[in-house]
Amino acid sequence: MAAVLPLLAAALLVLFSGLHPAASTAAAAGEAATVVVKAAAAVSRTDDNFVCATLDWWPRDKCNYGMCPWYNASIINLDLNNTILNNAVKAFNSLRIRLGGSLQDQVTYKVGSNYGDCRSFQRDDGGLFGFTDGCLEMNRWDELNVFFKRTNTTVTFGLNALKGRRKAAGGKDTLYSGDWDARNALDLMRYTAGKGYRVESWELGNELSGSGVAARVAAAQYGRDVAVLRKAVERVYGGGGEVPKVLAPGGFYDGAWFSEMLRVSGRGAVDGVTHHIYNLGSGKDRDLARKMQDPGYLDQVEKTFRDMAATVRGSGPWSSPWVGESGGAYNSGGKGVSDRYVNGFWYLDQLGMSAAHGTRVYCRQALVGGNYCLLNTTTFVPNPDYYGALLWHRLMGPVVLKAATTAGGGGSPYLRSYAHCSREKPGVTVLLINLSNATAFDVSVCGGRREEYHLSPRGGDIQSQVVLLNGEALALGLGGEIPELRPAVVGDGCAAPLRVAARGIAFVRFTEFKAPACAA
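By the naming in an unreviewed UniProt entry, the protein chain goes by Beta-glucuronidase C-terminal domain-containing protein and is assigned to Oryza barthii. UniProt annotates the protein chain under Sequence similarities (unreviewed entry) with the comment "Belongs to the glycosyl hydrolase 79 family." The protein chain has a UniProt comment under Function (unreviewed entry) that states "Endoglycosidase which is a cell surface and extracellular matrix-degrading enzyme. Cleaves heparan sulfate proteoglycans (HSPGs) into heparan sulfate side chains and core proteoglycans."

(A) Geometry of the overall build of the protein chain. The helix and strand inventory of the protein chain stands at 11 helices and 28 strands. For 520 residues, the compact-globule formula gives about 24 Å, and the C-alpha radius of gyration of the protein chain, at 23 Å, lands near that figure. Once the C-alpha set of the protein chain is aligned to its principal axes, its extents read approximately 70 × 45 × 45 Å. Within the protein chain, the proportion of its 520 residues that are buried is 60%. The long-range fraction of contacts in the protein chain, counting pairs at least 24 apart against all pairs at least 6 apart in sequence, stands at 76%. As displayed, the protein chain offers around 19400 Å² of accessible surface, 50% of which is attributable to carbon and sulfur atoms.

(B) Structural detail: helix α10 (residues 384-395). Taking 1.5 Å per residue, 12 residues should reach 16 Å; α10 reaches 17 Å between its end C-alpha atoms and fits that length. The buried fraction of α10 is high, at 11 of 12 residues.

(C) Geometry of helix α5 (residues 255-265). Every buried residue belonging to α5 is among Trp 257, Phe 258, Met 261, Leu 262 and Ser 265, and all of these are buried. What you see down the axis of α5 is that its buried residues fit within an arc of 130 degrees, all on one side. Among the exposed residues of α5, those pointing more than 90 degrees away from its buried face are Ala 256 and Arg 263. Considering only its buried residues, α5 is in contact with α4 (219-237), β13 (245-252), β14 (272-277) and α8 (302-315).

(D) Fine view of the nonpolar core. Grouped together as the largest cluster of nonpolar side chains are 124 residues, with contacts concentrated most on Trp 141, Phe 157, Tyr 222, Leu 367 and Tyr 386. No fewer than three residues from each of domain 1 (31-43 + 401-518) and domain 2 (46-280 + 294-398) sit in this core. Among residues more than four places away in sequence, those in contact with Phe 157 are Trp 57, Leu 99, Tyr 109, Leu 136, Trp 141, Leu 188, Val 199, Ser 201, Trp 202 and Glu 203. Formed by 23 residues, the second largest nonpolar core is a distinct cluster that contains Leu 432, Phe 441, Val 445 and Val 508.

(E) Expanded view of the packing of aromatic side chains. Within this structure, the stated rule accounts for 19 aromatic pairs. An aromatic cluster is built from Phe 50, Trp 346, Tyr 347, Tyr 362 and Trp 392, whose rings are joined through pairwise contacts. A cation sits over an aromatic face here: Lys 62 above Trp 58, 4.1 Å from the ring centre. Lying over the aromatic face of Tyr 347, Arg 364 brings its terminal NZ or CZ to 4.6 Å of the ring centre.

(F) Local environment of the environment of Gly 210. As for its position among the elements, Gly 210 is in the loop between β12 (201-204) and α4. Looking at Gly 210, the relative accessible area reads 14%, which means it is buried. Counting along the chain gives 125 residues from Gly 210 to Leu 85, while the straight-line C-alpha distance between them is 36 Å. Filtering out sequence-adjacent residues up to four positions away, Gly 210 remains in contact with Arg 216, Asp 254 and Trp 257.

(G) Seen up close, the packing of helix α1 (residues 83-90) against helix α2 (residues 138-151). Where α1 meets α2, the axes come as close as 9 Å, and the angle between the chain directions of the two elements is 50 degrees. Between α1 and α2, the angle falls in the class oblique. Facing Leu 85, Asn 86, Val 89 and Lys 90 of α1, the residues of α2 in contact are Phe 147, Arg 150 and Thr 151.

Calculation rules
- Residues numbered from 1 in each chain as written.
- Predicted model: local features only at pLDDT ≥ 70, side-chain atom pairs only at ≥ 80, totals over all residues.
- Heavy atoms only, no water.
- UniProt positions renumbered as here; feature names shortened; annotations may be inferred.
- Helix = DSSP H or I, 4+ residues; strand = E, 2+ residues; numbered from the N terminus.
- Rg over C-alpha atoms; globule rule 2.2 N^0.38 Å.
- Buried < 20%, exposed > 50% of the residue type's maximum accessible area, 1.4 Å probe, protein only.
- Contact = heavy atoms within 4.5 Å.
- Areas by Shrake-Rupley, 256 points an atom, 1.4 Å probe, with all protein chains shown as cover.
- Expected span 1.5 Å × (residues − 1).
- Arc of directions from axis to C-beta.
- Core = buried A, V, L, I, M, F, W, Y, C linked by side-chain atoms within 4.5 Å.
- Domains from an automatic or database assignment.
- Phe/Tyr/Trp six-rings, centres within 6.5 Å; stacked < 30°, edge-to-face > 60°.
- Lys NZ or Arg CZ within 6 Å of the ring centre and 35° of its normal.
- Axes fitted to C-alpha atoms, helices over the stretch in contact; angles between N-to-C directions.
- Parallel < 35°, antiparallel > 145°, perpendicular 65-115°, else oblique.

Written out as structure tokens, the structure reads:
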């Protein structure tokens, strides 16, 4: 059987037939599923810089489970002149980088007259997250901004939201009370604007929402503080030019808390409502790789995206949902898993799922540092997810289309599909993720030319750190250049079925499909 790809219709219909009738522990042999992309109208829209990566504050002695995987990957000590790092960021032609993380609410900015004691982070078992307060010197901020300009980075900066507060009485209660002291942040913004440095968005706080992690702030108080930040941004940048966005709260989703924060902060105060996701659990979980391939487990997080979107629509429709941080597994990720090919299953699936539910930006923890890094923490050589992120950024445009996998009997849950209007080019790009460990899928498509980018692990080992593109290993050039990502071009789709291998990931751009939603 074959399905026709209509060039002028409102839906893209692709028929998949299961191959490899060998028994499979992940999927029934010979399954058939149909992927339908409805292209008459967009279901949502992302920011142009939807793909985002983070840089964190963790010092090299940040350790979990007997490992210390951060080395010199901190905002404070990262080698900003490393050739591979620069090439990797430049390859995106404007990668969004969020500067923030657990220690951001302990950072003082050494500028102006309101910084007081400004010292380096030190281990302190009695401090939040096991560290003392830390300091951002302005010469380091200058160096960071030289790097951002050189690499054409879009910058999101997470501000210290505990400044001026005190821990509430009550023993072990993590509540912090009192108004946010915005003076130090205001001095940093003034310095930044005066130097001509471009910060696209300022975010208030990290993981202080709801019950918090190590500290929490009540929703109404947080809302008042966000309103203060909005006024500060307008005071600094209101004289002309582009005014940066205001983001909050940078914490784990709590519907009631988020709604109250939006109500109190007021109409228009928050541009992006940021939440964090670590739905795979602890980095020491030995079941991580299985979870990443389990469609039932991956589906669970969809409720968070759906609920988050509903909260924003109901309480702050002037705003939009952002994923401010997501690393899969918390506490630096899983060694031998989070930096391997298998990690792309949950990561790319969440990019697609979150975009379909209205998420404007998705920030991956981390660009460098920990076990969940896109670039190796010591060598900066790209890990497999770097190439998945780069392909998404280059191929998947901001207009999101409805894609669904269906068939008699429900289709295969192991076949994940997402579709966007192609980025800066005609046509539609479909992302296909095959979670099955033994069943491949053949796709019969009629409709002309297409470009295929098939990702697979070297030797079929999903815990390989080497990823193949159309069968060829991706490796840096002699000068640390990011390899060119060339597609396999099929001129006649009717004559050549599209095969998605077991445990394969494919970006497919249908260059001649004229989707009405993409013409707007």
